[in-house]
Amino acid sequence: MKRILTLTAVAAMVFTACSKEESTGTGDKQVRITPTIANPALTPASMSSGTRATDTDFELNDKVGLTITMTADGSAFVANKEMSFDGTDFKTEGFLWYEDVDATSTLFAYYPYQAEATPARFTVRTDQRNAADYGASDLLAAVREAVTPAETAIDMRFDHLLSRLVVHLDNRSSAAAERVLIAGTVGTAEVDIATQHAAADATAPTVEIIARETDSGKTFDAILVPQTVKLTVVLLTSDGKRHEKTLDEARELRQGSRYTLDVIATDIDIALSDR
């Protein structure tokens, strides 16, 4: 009986020591982020898997850049750390929290990941016809303050920083629609991920963006930089013609917003109306 009591006491001591270690330190815990996407209506549901954020979630192997700054002195625990989506969370194998479990920090994350640095300027692709280029044009960012190391994943909400334009085409001409282009907009934004702000770079040139066809011959999408501009729509048809029309009034394209243009095409001209 005495031997049994001794073994029981030792087991209790080991259990107590393990419990204390688990409750006082998370330095051995992996940094994980569980993302959600704000205003998912900005993103078409027709994007193919593995290329970008979809209506409700990120796709497997999408990558974000993560920066963690310490509240106490503003120093960076990590800057522009590449994190990959595993279907539930963003994480990087072997990337662990700092040791001080009471120290708070701010997390900044953005998509799509850029290896060189967290972007201060961001340029959309001028040819957005395929899913990869469209996805690479859709800048999202998330910020979470007063975070401490945790065993569970940190929830972060990603907001769209650019604008989405949807063109609905009613083609009444005798030729098929081949491409829709959006002309006259500045293609580069000045970006501040920490404040989740993006606006057109006044020094950047205007561009023509080839829109992505999301419904054959009927609907076309483009990601644009936030700005105030008279939008120009260009329709290229199978008979080699270029139909072009500019809105009479400038439109303010706000970040995180979706806009719609209705286009009627005839053999002679195209007409535009916005919603």
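Cut-offs used in this document
Starting from 1, residues in each chain are numbered consecutively following that chain's sequence as written. Local features in a predicted model are, by the rule used here, given only for residues with pLDDT of at least 70; side-chain atom pairs are given and counted only at 80 or more, and totals for whole chains, interfaces and linings are based on all residues. Side-chain numbers come from the whole structure's heavy atoms, not from hydrogens or water. For Phe, Tyr and Trp, rings pair up if their centres lie within 6.5 Å, where Trp contributes its six-membered ring, and each pair is then called stacked (planes under 30 degrees apart), edge-to-face (over 60) or tilted (otherwise). Segments assigned H or I by DSSP are reported as helices when at least four residues long, segments assigned E as strands when at least two residues long, and all are numbered from the N terminus. DSSP calls a pair of strands paired once it identifies at least 2 bridges connecting them. Fitting a line to C-alpha atoms yields each axis, with helices limited to the stretch in contact; the angle taken between N-to-C directions then spans 0 to 180 degrees. Think of it in three bands: with a 1.4 Å probe and only protein chains considered, a residue is buried below 20% of the maximum accessible area for its type, exposed above 50%, and partly exposed in between. Contacts are residue-level and defined by heavy atoms, with any inter-residue pair within 4.5 Å sufficient. Salt bridges are identified by distance alone: a Lys or Arg side-chain nitrogen within 4 Å of an Asp or Glu carboxyl oxygen. Definition used in this section: a nonpolar core is a set of buried Ala, Val, Leu, Ile, Met, Phe, Trp, Tyr and Cys residues joined via side-chain atoms within 4.5 Å. Confidence of the predictor at the level of single residues is captured by pLDDT, which takes values from 0 to 100.

**Some thoughts on the packing of aromatic side chains**
- Within the structure shown, the criterion is met by nine aromatic pairs.
- Taking the centre distance of 5.1 Å and the plane angle of 75° together, the rings of F58 and F158 count as edge-to-face. Of this pair, F58 sits in the loop between β1 (30–37) and β2 (63–70) while F158 sits in strand β8 (residues 154–160), and the two are 100 residues apart along the sequence.
- Summarising the aromatic geometry, the rings of F90 and F158 are spaced 6.3 Å apart at their centres and angled 45° between planes, so their arrangement reads as tilted. With F90 in strand β4 (residues 90–96) and F158 in strand β8, this residue pair connects regions lying 68 residues apart in the sequence.

**Some points on the sheet that holds strand β12 (residues 197–200)**
- As summarised here, the arrangement of the three strands in space is β6-β11-β12, forming an open sheet in which the pairing is antiparallel. The sheet is open, and its two edges are formed by β6 (121–123) and β12, each paired on a single side. Pairwise comparison of adjacent strand axes, ignoring direction, gives a mean angle of 30° for this sheet.
- Inspection of the sheet shows β6 paired to strand β11 (residues 188–192) by three bridges, in the antiparallel sense. Pairing of T123 across the sheet is with T188, part of β11.

**Structural notes on the side chain of R251**
- Examined against the element boundaries, R251 turns out to sit in strand β19 (residues 251–253).
- Residue R251 is classed as buried on the basis of its relative accessible area of 9%.
- Those residues in contact with R251 that lie beyond four places of it in its chain are Q227, T228, V229, L231, Y259, T260, D274 and R275.

**So, the pattern of salt bridges**
- Per the stated rule, a full pass over the model turns up 14 salt bridges.
- Across the pair D89 and R32 runs a salt bridge, and its minimum N-O distance is 3.0 Å. Of this pair, D89 sits in the loop between β3 (76–85) and β4 while R32 sits in strand β1; the two residues are 57 residues apart in sequence, bridging distant segments of the chain.
- For R32, a relative accessible area of 21% translates into the label partly exposed.
- Ionic contacts of the salt-bridge type, sharing partners, join the residues D86, K91 and E93 into one network.

**Focus: the sheet that holds β8**
- Ordered by their spatial adjacency, seven strands build a closed barrel running β1-β4-β3-β2-β5-β7-β8, and the pairing between neighbours is mixed. Across the sheet, the axes of successive neighbouring strands diverge by a mean angle of 30°, strand direction being ignored.

**Notes on the pairing of strand β20 (residues 258–265)**
- Pairing of strand β9 (residues 163–171) with β20, which is carried by eight bridges, proceeds in the parallel orientation. If you follow L169 over to β20, its bridge partner there is V263.

**Things to note about the nonpolar core**
- By size, the foremost hydrophobic cluster in this structure holds 38 residues, and its most contacted members are I182 and L231.
- Secondary-structure elements contributing two or more residues to this core are β5 (105–111), β9, β10 (177–186), β11, β15 (219–224), β17 (232–237), β20 and β21 (270–274).
- Beyond its immediate chain neighbours, meaning those up to four positions away, I182 contacts L165, V167, V207, E208, I209, A222, L224, L231, T232 and V233.

**A word on the confidence of the model for the protein chain**
- Averaged over every residue, the pLDDT of the protein chain is 87; residues scoring 70 or more account for 83%.
- Long-range and interchain partners of residues 1–27, a stretch whose pLDDT sits below 50, account for 12 contacts in this model, where long-range means more than four residues apart.
- Contacts of residues 45–56 to residues separated by more than four positions or lying in other chains number 36 contacts, the stretch itself having pLDDT below 50.

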